[in-house]
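Each chain, letter by letter, is given below.
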Amino acid sequence: LLSDRLQAEDYPVLALDAVRDSYLPSFARDLQKRSEKLFVLTFVTRSMTEPLQNTQSVLASIPFLFPRYSANSPAGSKLIKRSSQIIASKLSIHSVVKTFSSKQSPFNVEYMRNVSGVYANALRGYVERLETDSALRTDCVKTCGIGGWREERFWSSWEAALFNSGLLVRWVLVVSKR
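To keep things clear, this report deals only with the structure shown in the data block. Just so it is clear, the structure is predicted and the values come from calculations on it, not from any experiment. (Residues numbered from 1 in each chain as written. Predicted model: local features only at pLDDT ≥ 70, side-chain atom pairs only at ≥ 80, totals over all residues. Heavy atoms only, no water.)

Quick look at the packing of aromatic side chains
Taken as a whole and assessed by the stated rule, the structure comprises 6 aromatic pairs. When the ring of Tyr119 is compared with that of Phe163, the centres are 4.9 Å apart and the planes differ by 80 degrees; the resulting orientation is edge-to-face. Taken together, the residues Tyr119 in helix α4 (residues 116-132) and Phe163 in helix α5 (residues 134-165) connect sequence positions 44 residues apart. Both residues of the pair, Tyr119 and Phe163, count as buried. Arranged with centres 5.5 Å apart and planes meeting at 40 degrees, the rings of Trp155 and Trp158 form a pair that is tilted. Of this pair, Trp155 and Trp158 both sit in helix α5, 3 residues apart, which is roughly one turn of the helix. We classify Trp155 as buried; its relative accessible area is 11%. (Phe/Tyr/Trp six-rings, centres within 6.5 Å; stacked < 30°, edge-to-face > 60°. Helix = DSSP H or I, 4+ residues; strand = E, 2+ residues; numbered from the N terminus. Buried < 20%, exposed > 50% of the residue type's maximum accessible area, 1.4 Å probe, protein only.)

Some remarks on the sheet that holds strand β2 (residues 38-46)
Pairing is mixed across the open sheet formed by 4 strands, whose spatial order is β1-β2-β4-β3. Of all strands in the sheet, those with a lone pairing partner are β1 (13-15) and β3 (107-114), marking the two edges. Going from strand to strand, the sheet's axes swing by 25 degrees on average, the running direction of each strand aside. In this structure, β3 lies alongside strand β4 (residues 168-177), joined through 7 bridges in antiparallel fashion. In the strand pairing of β4, Tyr111 is matched with Val174. (Pairing = 2+ DSSP bridges. Axes fitted to C-alpha atoms, helices over the stretch in contact; angles between N-to-C directions.)

Remarks on the packing of α4 against α5
If you want to describe how two helices pack, look at the angle between their axes and the distance between the axes. Axis separation between α4 and α5 bottoms out at 8 Å; the angle between their running directions is 150 degrees. It follows from the interaxial angle that α4 and α5 lie roughly antiparallel. Relative to α5, the crossing made by α4 is left-handed. When grouped by side-chain class, the residues that make up the contact of α4 with α5 number 11 nonpolar, 6 polar and 7 charged. (Parallel < 35°, antiparallel > 145°, perpendicular 65-115°, else oblique. Left-handed = near helix turned anticlockwise from the far one by under 90°. Nonpolar A, V, L, I, M, F, W, Y, C, P; charged D, E, K, R; others polar.)

Some points on the nonpolar core
Judged by nonpolar contacts, the single largest core of 19 residues is most densely connected at Leu16, Phe27, Leu31, Leu41, Phe43, Val96 and Phe100. Elements represented by at least two residues in this core include exactly α1 (24-33), β2, α3 (93-101) and β4. Those residues in contact with Leu16, other than ones at most four positions away along the chain, are Leu24, Phe27, Leu41, Thr42, Phe43, Leu91 and Val96. Membership of the second largest hydrophobic core comes to 9 residues, among which are Tyr119, Ala120, Phe163 and Leu167. (Core = buried A, V, L, I, M, F, W, Y, C linked by side-chain atoms within 4.5 Å. Contact = heavy atoms within 4.5 Å.)

Note that every value here comes from positions in space, so none of it alone points to a role or purpose.
So this is what it looks like as structure tokens:
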């Protein structure tokens, strides 16, 4: 996902999905206090072309409105949360880039990329492995129950479709301290 000169394992990878737009400046100030010089930020935004209150936005939010795994599964409250925070968030690529590239910001934007296709492919691969890899399937059923295994396949497929359709967009942004 990153250019040849940057390897994600060499730098902190931070997910912004739970950071509200209004908290981005505070988040940036906290990063400034850290000793690292370079940060890999990942986050999900809604489509820039779809209004919030339309049918597509409602459909995009469905996988994130319900808890993962059946209530009667052995996993109980062990829920997987991926992009769920974006439903309540108003985070946008513009607000993130503005926060990390303004004159007042102590950061430079080194790299930015829409990785939705890569992420959707990873989700589809995960679903395929859940179906075909007997060890993974057995472990998932043991942890989550058969209902949880079915839910995980279904919601992961739905989430992949949301990224493929452009209703959700996954970003990687690399910033360095000035």
